[in-house]
Amino acid sequence: MIITNKLRVDINNENIDRDFDIYRVSKSGSGNLDKTNILDIPVQYFKAKSVVYTWGRNCFVLFNKGKVDHEELKKVIQQEHPECIVEKLDILDREKLKEIYFGEELLIQLLLNSIRVPNTERFTYNNLSGKLFYMFPEWRDVDKKTGEIKMIYALEVKVTKEMCLQLSVKTYSKNKSEKCTSAAYMFDKSTGYFRRVLKSDECPNDQKYIFRNYSSNHNTVEYLNFSSYDTYTRCKVGVFTRVMNDIERYLGEYLKVANYMYEDYDGFDIKTDGILGFENKDYTMLLKNKGVTIVDEVQEVASRNLMIEIQRDLNKYYNIDIKNSNKLNEETYNLRIIHNSKYYEQNKQEEDPYKMNLDNHIVQHVTMEDFSLEDKKESPSLKKIIQEVIIKGDIKDRKISIANWSKCLFETTWTFVIREKYWVDNKKTPNFRYYRMKVDTDGTFDLDSFNDEEMIDNQEIIAIEFAYKNNEKDYLDQEIEGLLYRSIDNIQVVIKTPFSTMPNYKKLENALRLTQGDKVVDIDEITNGIMIFKDNYEEYIEYADMLVHKLQGQSKYIKQSELLKLMEFRKYKKASKALNRFIHENLGIWISPEIRDSAFEEDFNLGSICDIKYFYQESQIYYFVGTKRRSLNQSVHNASTVRKVIALGGHIEFDKLMQLMAVEFVRNGQYTVTPFPYKYLREYQKANK
């Protein structure tokens, strides 16, 4: 079963109409509402339940039934913004709602934005300028000396047109300039609430916050972390769990919500479905065939030491000797030690190596600030630069060497296409440049590019342009990531959807809550349980006796975290698991949830976020590429996005290319989310901008 963040929603419009009034505030003339304080007036002055705003000149406001005077609301808004129209909506008049583009997703968002939780909770919901943010006190950067909050970040909770519940990180940072021209926010001194700055507020510019990152580093929230209940509540899946629970708790009279699930799907198993020896992991042979040159452009003690360390590790892990040089070599792979781009932006007196012409050279940059090696094992960073330089060598040679393409036994040439947007002068509409890779059956390939102004009477180029532009109209909110085809009569369009896959978050949350380490259990009860376990499992008598001995002399109660240590799961895998499950089943005491154990796959459904899975629906194929199941740890940084592939000729061929994603040289150690030739196209694109 594949669980997604797409929602199946049943709306009770009658109950909503019974309990709430909904107003539409629209602005005539130029300028969007997010540049004004219109979004905040209803909440600050009239205690509105919520406001929802997506874009443009319209917002919608929710009030408790009969709690606001229409004329008074209109009067206050028009005092500051006379161009505004304030009208009350009839939630049961579907035709009118359709005319003003008030879809079900906006109604759901409006209700969602109204959720408030008790002050005793460690988090808050904040309906800020028409958006909903989920905030933790820890999600901020505080100056240790002054206690001043320099930056806060939160998760925006958004329902999309496709009925997906999305969570994305948004950051607000202290204003650093003398003037504040952006929409500004502040901490209300009387309530401590983070809100929009109104015209009536006397707030100095240096106390205002604006929507941007505080530094070049971006704030992130892990998609999933089940190392403990506490970390789970702070990851995206944990927040998703809480939001879904709160919809049921606070909005149950108005909404019934469930996740879309897909029962029928296939998985690409590299062991049974993969091509033996397809990925060429013998980097030593590839490096030796071409040779490697290392060039230190920095010429400092630290850079010379780094060069020596790279030479040492390449010899240690790849059995190759490389020599340093003061110039690049056209015949070999080149590793070039430089600073990162930020350094050259700040030190303009130094020549910027990124701007140098590197034609006819195979060069991989190694940046001083970002590269590191490890003492006792091969560094992932080292392997990554080796993979990158081999791919760049393939592009120069126009032949794939890092994978054995001929083993795919393709009978014809496959073509891959990506597109980039660019702007010319003051044109209001963008231009597009297309990059194309044609891979022959033996892995040799051609690369070229063209823009839409160069469109000539060429059937293939016309078909490429049509494939992009025609499908953009149908999928306005979804990104076309590329095209691929054997024939222009059946182009396959790869589309990134807003859907993502999920584990069984309800059972995860329940298991982690019940196995919190600070919970205490009665030692006598546990000891008696172990003795009964001993009678039923003769093969684990010694283990049971050892554990009983450890518990002797303890106080009456013991924390579950301490009991977990005493059970020594890593050392006594079979015995500890058997005891854990026995105690859970017979005493109702759960020591370890064993989330990653295959025995509980159906319970926690981690398969929904792992490996390559795909399913068919309405003549289209949907797929996702998740974390490799065998390398799954207790956390997953990114969600597994569902991609959709449309066959313009009506015949799906993408399922023949699953092997092209089951490679580890694009995302080091993990599968890649689109067929790997797109990686070659992106590198070609960078080199030819």
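Just so you know, the residues in each chain are numbered from 1, in the order the chain's sequence is written. Note on the predicted model: pLDDT of at least 70 is required for a residue's local features to be given, and 80 or more for side-chain atom pairs to be given and counted; whole-chain, interface and lining totals, by contrast, use all residues. Only hydrogens and water are set aside when side-chain values are computed; all heavy atoms of the structure are taken into account.

Structural notes on the side chain of Asp40
Item 1. Elements are defined by DSSP. Helices are runs of H or I of four residues or more, strands are runs of E of two residues or more, and each kind is numbered from the N terminus. Tracing the backbone through its elements, the reader meets Asp40 in the loop between β2 (20-27) and α2 (41-46).
Item 2. Contact definition: two residues touch when any of their heavy atoms are within 4.5 Å. Other than its neighbours up to four places away in sequence, Asp40 contacts Ser129, Arg196 and Leu198.

What about the pattern of salt bridges?
Close approach of charged atoms allows side chains with opposite charge to pair.
Item 1. Throughout this description, the term salt bridge denotes a Lys or Arg side-chain nitrogen within 4 Å of a carboxyl oxygen of Asp or Glu. For the coordinates displayed, the defined rule picks out 44 salt bridges.
Item 2. Two residues, Arg234 and Glu138, come together in a salt bridge whose shortest N-O distance is 3.0 Å. Note that Arg234 is positioned in the loop between α6 (229-233) and α7 (236-251) and Glu138 in the loop between β7 (131-135) and β8 (140-142), a separation of 96 residues in sequence.
Item 3. Burial classes: relative accessible area under 20% of the type maximum marks a residue as buried, over 50% as exposed, and values in between as partly exposed (1.4 Å probe, protein chains only). Assessed through its relative accessible area of 38%, Glu138 is described here as partly exposed.

Section: unusual backbone geometry
Item 1. Residue Leu409 is not a glycine yet carries a positive backbone phi of 60°.
Item 2. Examined against the element boundaries, Leu409 turns out to sit in the loop between α11 (380-397) and β21 (414-422).
Item 3. Although it is not a glycine, Glu568 sits at a positive phi angle of roughly 50°.
Item 4. Following the sequence through the fold, Glu568 ends up in the loop between α16 (560-567) and α17 (573-587).

Points about the sheet that holds strand β5 (residues 84-89)
Item 1. By definition, two strands form a pair when at least two bridges between them are found by DSSP. The strand order across the open sheet formed by four strands is β3-β4-β2-β5, and the pairing between neighbours is antiparallel. In the strand order of this sheet, the two ends are held by β3 (50-52) and β5, each with one partner. Taking the axes of each pair of neighbouring strands and ignoring which way they run, one obtains an average angle of 25° across the sheet.
Item 2. Relative to β5, β2 runs antiparallel, the two being bridged by six bridges. Counted as the bridge partner of Ile22 is Leu89 from β5.
Item 3. Sheet contacts for helix α3 (residues 70-80): β2, β4 (58-64) and β5; angle to β5, the most-contacted strand, approximately 155°. Lines fitted to the C-alpha atoms define the axes, with helices restricted to the stretch that makes contact. Angles between their N-to-C directions range from 0 to 180 degrees.

What about the sheet that holds strand β19 (residues 333-338)?
Item 1. Strands sit in the order β18-β17-β19-β20 across an open sheet of four strands; the sheet is parallel. At either margin of the open sheet sits one strand with a lone partner, and together these are β18 (323-325) and β20 (362-367). Neighbour to neighbour, the strand axes of the sheet diverge by 30° on average, direction disregarded.
Item 2. Pairing between β19 and β20: six bridges, direction parallel. Paired with Asn334 across the two strands is Val363, which belongs to β20.
Item 3. Most of the contacts of helix α8 (residues 283-290) go to β19, to which it runs at about 95°, and overall it touches β17 (292-296), β19 and β20.
Item 4. Its contacts with the sheet put α11 on β19 and β20, and the angle it makes with β20 is roughly 155°.

Examining the environment of Asn688
Item 1. Secondary-structure assignment places Asn688 in the segment after α19 (677-687).
Item 2. A polar atom in the side chain of Asn688 sits 2.7 Å from the backbone oxygen of Tyr684. Between N or O atoms, a polar contact is any pair within 3.5 Å; within protein, one atom must be a potential hydrogen donor and the other a potential acceptor, and residues adjacent in sequence are included only when both atoms are from side chains.

Focus: the packing of aromatic side chains
Item 1. Note on aromatic pairs: the rings of Phe, Tyr and Trp (six-membered ring only in Trp) are paired at centre separations within 6.5 Å, and the planes decide the class, stacked below 30 degrees, edge-to-face beyond 60, tilted for the rest. With the rule as written, the count across this model stands at 44 aromatic pairs.
Item 2. Aromatic pair Tyr537 and Tyr540: ring centres 6.2 Å apart, planes at 25°, arrangement stacked.
Item 3. Judged by centre distance (5.3 Å) and plane angle (50°), the ring pair of Tyr543 and Tyr572 falls under tilted. With Tyr543 in helix α15 (residues 541-551) and Tyr572 in the loop between α16 and α17, this pair connects stretches of sequence that are 29 residues apart.
Item 4. Of the aromatic side chains, those joined through ring pairs into one cluster are Phe278, Trp405, Phe410, Trp414, Phe416, Phe445, Phe665, Phe676, Tyr678 and Tyr680.

With respect to helix α9 (residues 301-318)
Item 1. In this scheme, a helix's expected span is set at 1.5 Å multiplied by one less than its residue total. The end-to-end C-alpha distance of α9, which contains 18 residues, comes to 25 Å, matching closely the 26 Å that a straight helix rising 1.5 Å per residue would cover.
Item 2. When we look at burial in α9, the residues that qualify are Ser303, Leu306, Met307, Ile310, Gln311, Asp313, Leu314 and Tyr318.
Item 3. Among the structural elements, α8, β17, β18, β19, β20 and α11 are those in contact with the buried residues of α9.
Item 4. Backbone geometry just downstream of α9 places Asn319 in the positive-phi region, at approximately 55°.

Focus on the confidence of the model for the chain
Item 1. Scored by pLDDT, the chain has a mean of 91; 98% of the residues are at 70 or more.
Item 2. Across the chain, the secondary-structure element scoring lowest on mean pLDDT is strand β12 (residues 194-196), at 83, and the one scoring highest is α7, at 97. For every residue, the predictor assigns a confidence score, pLDDT, that lies between 0 and 100.

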